[in-house]
Amino acid sequence: MEISELTLLELSGLLNSKQITSVELLNYYLNRVKEYDEDVRAFLEIDAEGATEAAQEWDNKRANGEPVPPFAGIPMAVKGNMADTRMVTDAASQILAGFVSPYEATVLKRLREAGFILFGKLNLDEFAMGSSTENSSHFTTHNPWNLDYSPGGSSGGSTAAVAARMTPFALGSDTGGSIRQPASFCGVTGFKPSYGRVSRYGIISFASTLDQVGPITTSAQDAAIIMNIIGQHDPNDSTSYMPDTEAEYLQGIDAGVEGLRIGVPKEIVDHLAPDVAELFSLTLAKLEDLGCIVEEVELPRLELCIPTYYVVAPAEAAANLARYDGIKYGKRYESESLEELYLKTRTEYLGVEVQRRIMLGNLALSSKEVSGDYYMKAQKVRQVVRQDFEEVFKSYDLIVAPTSPTSPFKLGDKTEDAVSMYYSDLLTLPSSLYGGAAISIPAGFNGDGLPVGVQIMGAVFDDATVLRLAHAYQAITEHHTCIPKDFS
Ligand code: GLN
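Throughout, residues of each chain are indexed from 1 in the direction in which the sequence is written. Reporting of local features is limited, given that this is a predicted model, to residues whose pLDDT is at least 70; pairs of side-chain atoms are given and counted only at 80 or more, and all residues count toward the totals for whole chains, interfaces and linings. Side-chain calculation: all heavy atoms of the structure are included, whereas hydrogens and water are not.

Trainee: Hey, could you run me through helix 1 (residues 8-16) in this one?
Mentor: An α-helical turn contains 3.6 residues, so any two residues separated by three or four positions project in the same direction. Of all the residues in helix 1, the buried ones are Leu8, Leu11, Ser12, Leu14 and Leu15. The buried side chains of helix 1 occupy one side of the element, clustering within an arc of 160° when seen end-on. A run of H or I in DSSP becomes a helix once it reaches four residues, and a run of E becomes a strand once it reaches two; helices and strands are each numbered from the N terminus. Among the residues trailing helix 1, Lys18 stands out with phi positive, at a value near 60°. When a residue's accessible area, from a 1.4 Å probe over protein chains only, is under 20% of the maximum for its type it is buried; when over 50% it is exposed; and in between it is partly exposed. Directions from the helix axis toward the C-beta atoms define the arc.

Trainee: Even after reading the chapter, I still don't get the sheet that holds strand 6 (residues 212-217), so can you show me in this structure?
Mentor: To summarise the sheet geometry, strands pair through backbone hydrogen bonds and adopt either a parallel or an antiparallel arrangement. Strands were regarded as paired on the criterion that DSSP finds at least two bridges between them. Spatially, the 11 strands line up as an open sheet ordered 1-3-2-4-6-5-10-11-9-7-8, and their pairing is mixed. Each edge of the open sheet carries a strand with a single partner, namely strand 1 (43-46) and strand 8 (293-297). Pairs of neighbouring strands in the sheet enclose a mean axial angle of 30°, with direction left out of account. Contacts are residue-level and defined by heavy atoms, with any inter-residue pair within 4.5 Å sufficient. The convention used is that axes are lines fitted to C-alpha atoms, helices contributing only their stretch in contact, and that angles between N-to-C directions extend from 0 to 180 degrees. In the packing of helix 3 (residues 48-63) onto the sheet, the strands contacted are strand 1 and strand 3 (117-122), and the crossing angle to strand 3 comes to about 160°. Those strands touched by helix 7 (residues 220-230) are strand 4 (170-174), strand 5 (189-192), strand 6 and strand 10 (438-445), and its axis lies near 145° from that of strand 6.

Trainee: Sorry, what's going on with a nonpolar patch on the surface here?
Mentor: Taken together, the side chains of Ile327, Leu338 and Tyr342 define a hydrophobic patch exposed on the protein surface, amounting to about 270 Å² of accessible area. Of note, Tyr342 is situated in helix 10 (residues 338-348). Owing to a relative accessible area of 35%, Tyr342 belongs among the partly exposed residues under this scheme. Each patch groups residues whose relative accessible area exceeds 30% and which form no salt bridge, using 9 Å between like charges and 5 Å between nonpolar side chains of Val, Leu, Ile, Met, Phe, Trp and Tyr. All accessible areas in this document rest on Shrake-Rupley with a 1.4 Å probe, and a residue is counted as covered only by the protein chains that are shown. Whenever Lys or Arg places a side-chain nitrogen within 4 Å of a carboxyl oxygen from Asp or Glu, that contact is recorded as a salt bridge.

Trainee: Please clarify how the pattern of salt bridges should be interpreted in this entry.
Mentor: Enumeration over the complete set of coordinates arrives at 15 salt bridges. The partner of Glu295 in a salt bridge is Arg261, with the nearest N and O atoms 3.2 Å apart. Note that Glu295 is positioned in strand 8 and Arg261 in strand 7 (residues 261-265), a separation of 34 residues in sequence. For Arg261, a relative accessible area of 31% puts it in the partly exposed group. Connected through salt bridges with shared partners, the residues Glu353, Arg356 and Arg357 form a single ionic network.

Trainee: I'm lost on the site of the ligand in this one. Help?
Mentor: If even one non-hydrogen atom of a residue comes within 4 Å of a molecule or strand, that residue is called near it. The local shell around the ligand holds 15 residues, among which Thr175, Gly176, Ser178, Tyr309 and Arg357 are the closest. In protein, a polar contact means a hydrogen-donor-capable atom and an acceptor-capable atom, both N or O and within 3.5 Å, with residues adjacent in sequence counting only if both atoms are side-chain atoms; elsewhere, any N or O pair within 3.5 Å suffices. Thr175 is positioned with one of its backbone polar atoms (N or O) 2.7 Å from an oxygen atom of the ligand. One of the side-chain nitrogen or oxygen atoms of Asp425 is found 2.9 Å away from a nitrogen atom of the ligand. If the ligand stood free it would expose 290 Å²; the protein chains cover 100% of that surface.

Have a look at this one:
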């Protein structure tokens, strides 16, 4: 088997039985990046030197027979909105050009302590705002399944890198679908944990009540492995959840799914493109083969999730991004006049979509009347959506739907029309708004050979059941093992 086809457990096996060294493994991936990333353009930066040093250290320890953690020496790459202390963390924005963080995000610290080696930062929509990676201020990332197509967004760099096997896994962040939608477009597995499961410390904030970090992998089992490491309480994040018992994501993943009750929202049918609808019905049949009980359920507020999210998220973004004014934080547009300094800093160094969200958000929060009409109303709808889900989860273990209403779209197809771009989040927004876990897993390919994903949503903090069903589905299907032919 080629190294690019191996899971994290298999890679760990090779390293621990000394069939390969960590330096060799790292070089294997660095060479793939050299060979393929000119076309895909997933990577913003590579730290070959720092990664080689770390790999060498693990190799020395192994050679000397010192105890090492099981995954020691496996390379990884992460979305460019996560702070490490060696590479630039600019969230693909000019306002943070050249920023190197003085501290490390908790997720990266945990993974480093578990032996993983960070070697690259990956492209994203500026400040994670977008669904196509076309809002990056650097360049656009391409979909490895067809370079004319978008990899999705905003974690499009992360999912494209995993799809082309330029890294064994990556981290992404998901505010309204940014792990799941690009995972669906790139034919990889993308897991959004329940809100609060993973620390946001050291992640550049977009919308603080929605942002979550999660793994982008080639299987649900690998996602569970990463969750065991990053899915723990962090005192540095006041919204981090503290479970009574240690959360186990991997243990129990093999327990089977017979008798699980699955709800399929009946409201989705009108929104699905024909290729997605067809593959989705095949997925439901597979779930029945696995012994699940699949039934229609009602989520009447599905469509309201878009206007709700596009008030709440911009409002929070406007508050979070206020700090980048050229005085407190961020690159400064030098000027004699203070007013021009503020104005030009924010109009020259922030992209169009980010400016649009700041304006929308500030409007939604402006006067009591306006915020009553928009922000407060959106909060109320969010609460009702939460209740709708809670109601369904009283009778069902999980909810299943496609990840995106459409298969991947061509680069450039939606850039002129913000609202049509927003609509690609229709099916990912609900679980972001209610805060539950959700995963996108590959469900097959459409007539053009492009991947289509299916999404499994769980109740808040029931991350383990989501991973269990995804794993059971992957045990009887092979879509998740497919690699685009030019990259295999
Ligand atoms: N596409 C959504 C947006 O543009 C979601 C982004 C995200 O999850 N970071 O806001």
